[in-house]
Amino acid sequence: MAALLRGLRAGRALRGLGGVVAAPTATKPQCSGLRRGFQCAAARLQDEAKSDKPPSSSSTTYHEHYQAHSAKEDTAAASQEDSASDPAAEEASRPNTSYQDQGGEQGEEYETEEQLQARILTAALEFVPQHGWSMEAIAAGAETLGLSSASTGMFNNGAGDLVLHFIAQCNSQLTEILAEQHKQVQLGQAEPKKTADFLRDAVETRLRMYIPYIESWPQAMSILLLPHNIPDSLKHLSTLVDDIWYYAGDRSTDMNWYTKRAALTGIYNTTELVMVQDSSPDFQDTWNFLDNRIQDVVNMATTAKQVQSTGEAVVQGLMGAAVTLKNLTGMNQRR
Amino acid sequence: MQRATHTALYYWSPMIRQCLTCRVPVQLSSRAYSVVPPPRDSEEKEMLDRILRVDHAGEYGANRIYAGQMAVLGRSRTGPLIQEMWDQEKKHLEKFNEILAENRVRPTALLPLWNIAGFALGASSALLGKEGAMACTVAVEESISEHYNSQIRALMEKDPERYTELLQVIKEFRDDEMEHHDTGLEHDAETVPGYWLLKNAIQLGCKAAIYVSERV
């Protein structure tokens, strides 16, 4: 059983590496020779342009890590081979600990790969102020958990994985907070807030989670804009907005569902942008901006309603005029 | 799981949804259970979402078709008959609105399109006279019944016990639609000129609408 798991994990790590190796192998040997050369930069750009290849920054970081660990030659093949054996060696050491844990417990302590990745990424967040959103932060995080820094091989998407993990974590924290508030209201222990206030508080709470990382947040935002990260980041954004509206009490089943979410997405994104360049104490400018945007949306909704009721009144007036006209001309009589 | 129990206790009146500056009123539902079981994984959620979304779109469309027919034939002899069928469709739509709200299902983005298309179909078929309106009813109701039947089959194949309440709702609605279909036939639907052409054209349109509403 343990051997099977070991094999599976090694297989997965190798597949992740395989992705790196699969990248234009023709350019890789050249790359290693002229590491800071123009061709390497071109290859790097080419790699990053491809949507489902891992960013070659991870392969060059492999390089760096490997250099840091041992004074081997700077050949891509050698480093990749060694990186392949490194996680394998590391894999061999890990099942040993789970053996110990297993003892008589039949492997209940076995952790899935997703859980392990989550743990590493959470640990890596601590190093983000220092290293930015990068593989270095992930490697440092892995090291604090007692794993080899080569376990970064698990993360095909590198910094993107880290940013997406952080965003998912923030979203679930917000959902917990909103659910708790909702429960308080239902138990009658708190007053229900007005929708505008609720939205403002929810967006503020969510954006405040970025404050510890605000220096490097522009980097994170640009990582999220990379083509291969866009679907995931949009998905996180849409679940965030859906959750906020749900707890704000929205139960619409028509076009309002879409317009409300679109409005809140706009508010959230613009406020986030204001926040990254805000230097006022405690981001007061950002919260003022948020207040104003929400007020705009409220005004727009009120205006829309007014326009609709005016329109209806006008139509009624026209119908009345038409009927009067028909009566006057005698067209309404049945002959 | 917690969310599901909260939603079960949360009944949101559709009239109040527009107001952004209103306080959020909390009303307890009379039901203690939910028609749809909380999904176990994202695959099941997606399947249920599709089913509910397309059913909601279907009832919304049927509603608009009858509205179109009433706009033309409202004051004729068939007015009360069409009104009765329309009222039943309104009840179906209300039920689906409730279910969608409870289960946080996204409604189809094409609702405005179905609004206009449904009304246009209803009105234009009614312009062909009472028989035309009945033929349209027959075609649409046959499509919808077939569609509900395939959903019932799919849910029964998966897990009839888990989806008991949902199956009950769909079966009840399917029976209502079959009744409308039979009513249409009784009232000389087949005597309209070009019946075969009209029926097949409408049914093709319905199939396309169902296919698209499941996805968009």
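Predicted model only: the values in this text are computed from it and were never measured.

Draft legend 1. Structural detail: the overall build of chain B. Regarding its fold elements, chain B presents seven helices and zero strands. Ordering the α and β elements of chain B from the N terminus gives α-α-α-α-α-α-α. Residues counted as buried form 50% of the 216 residues belonging to chain B. Within chain B, residue pairs in contact and separated by at least 24 positions form 78% of the contacts whose partners lie at least 6 positions apart.

Draft legend 2. Region of the structure containing unusual backbone geometry. Even without being glycine, Asp282(A) reaches a positive phi, approximately 55 degrees. Among the secondary structure elements, Asp282(A) is positioned in the loop between helix H13 (255-276) and helix H14 (284-328).

Draft legend 3. Quick look at the pattern of salt bridges. For the coordinates displayed, the defined rule picks out 21 salt bridges over all chains. Between Arg104(B) and Asp242(A) there is a salt bridge, and its shortest N-O distance comes to 3.2 Å. Remark: Asp242(A) occurs in helix H12 (residues 230-248) and Arg104(B) occurs in the loop between helix H3 (79-102) and helix H4 (111-127); the pair is interchain, linking two chains. Like Asp242(A), Arg104(B) is buried. Residues Asp188(B) and Lys130(B) are paired through a salt bridge, measuring 3.6 Å at the closest nitrogen-oxygen approach. A residue pair is termed long-range when its members are at least 10 positions apart, and Asp188(B) in the loop between helix H6 (164-186) and helix H7 (195-215) and Lys130(B) in helix H5 (residues 130-158) qualify at 58 residues. By sharing partners, the salt bridges in this structure join Asp242(A), Asp243(A), Asp250(A), Lys260(A), Arg261(A) and Arg104(B) into a single network.

Draft legend 4. Main features of the nonpolar core. Core analysis: the largest hydrophobic core is formed by 59 residues, its most contacted members being Trp133(A), Leu162(A), Tyr210(A), Trp217(A) and Ile244(A). Only helix H6 (113-125), helix H8 (135-144), helix H9 (159-186), helix H10 (195-208), helix H11 (217-224), H12, H13 and H14 of chain A provide two or more residues apiece to this core. When residues in this core are grouped by element, the largest group, 10 residues, is from H9(A). Each residue touching Tyr210(A), except ones within four places of it in the same chain, is listed here: Phe166(A), Ile167(A), Cys170(A), Trp217(A), Tyr268(A), Glu272(A) and Met275(A). With 27 residues, the next largest nonpolar core counts Met47(B), Phe96(B), Tyr148(B) and Leu155(B) among its residues.

Draft legend 5. Up close: the packing of H5(B) against H6(B). Residues and elements named next belong to chain B. Contact geometry for H5 and H6: axes closest at 8 Å, N-to-C directions at 155 degrees. The orientation of H5 relative to H6 falls into the category roughly antiparallel. Here the hand of the crossing between H5 and H6 comes out left-handed.

Draft legend 6. Up close: a nonpolar patch on the surface. On the surface, a nonpolar cluster with roughly 250 Å² of combined accessible area is contributed by Tyr211(B), Val212(B) and Val216(B). When you line up the elements, Tyr211(B) lands in helix H7.

Draft legend 7. Representation of the packing of aromatic side chains within the structure. Residue and element names in this part refer to chain A. Counted according to the given criterion, the structure contains 10 aromatic pairs over all chains. Centroid distance phenylalanine 166 to tyrosine 210: 6.0 Å. Interplanar angle 40 degrees. Geometry classified as tilted. Separated by 44 residues along the polypeptide, phenylalanine 166 in helix H9 and tyrosine 210 in the loop between H10 and H11 bring together distant segments of the chain. Taken as a pair, phenylalanine 166 and tyrosine 210 share a single burial class, namely buried.

Draft legend 8. Inspection of the environment of His165(A) at higher detail. Residues and elements named next belong to chain A. Tracing the backbone shows histidine 165 in helix H9. Note: C-alpha distance between histidine 165 and methionine 319 (154 residues apart in sequence) is 59 Å. Apart from residues no more than four positions distant in its own chain, histidine 165 is found in contact with Ala118, Leu121 and Thr122.

Draft legend 9. A look at H9(A). With 28 residues, H9(A) should reach 40 Å at 1.5 Å per residue; the first-to-last C-alpha distance of 41 Å fits that figure. Count one or two residues on from H9(A) and you reach Gly188(A), which has phi positive near 80 degrees.

Draft legend 10. Main features of the confidence of the model for chain A. All names here are of chain A. Taken residue by residue, chain A gives an average pLDDT of 78. The fraction at 70 or more is 66%. Taken as a whole, residues 46-96 scores under 50 in pLDDT and shows 73 contacts with residues more than four places along the chain or in a different chain. Segment residues 99-105: pLDDT under 50, and four contacts once partners within four positions in sequence are set aside and those in other chains are kept.

Conventions adopted
Residues numbered from 1 in each chain as written. Chains lettered and ligands numbered in written order. Predicted model: local features only at pLDDT ≥ 70, side-chain atom pairs only at ≥ 80, totals over all residues. Heavy atoms only, no water. Helix = DSSP H or I, 4+ residues; strand = E, 2+ residues; numbered from the N terminus. Buried < 20%, exposed > 50% of the residue type's maximum accessible area, 1.4 Å probe, protein only. Contact = heavy atoms within 4.5 Å. Salt bridge = Lys/Arg side-chain N within 4 Å of Asp/Glu carboxyl O. Core = buried A, V, L, I, M, F, W, Y, C linked by side-chain atoms within 4.5 Å. Axes fitted to C-alpha atoms, helices over the stretch in contact; angles between N-to-C directions. Parallel < 35°, antiparallel > 145°, perpendicular 65-115°, else oblique. Left-handed = near helix turned anticlockwise from the far one by under 90°. Patch = residues over 30% accessible without salt bridge, like charges linked within 9 Å, V, L, I, M, F, W, Y side chains within 5 Å. Areas by Shrake-Rupley, 256 points an atom, 1.4 Å probe, with all protein chains shown as cover. Phe/Tyr/Trp six-rings, centres within 6.5 Å; stacked < 30°, edge-to-face > 60°. Expected span 1.5 Å × (residues − 1). pLDDT = per-residue confidence, 0-100.

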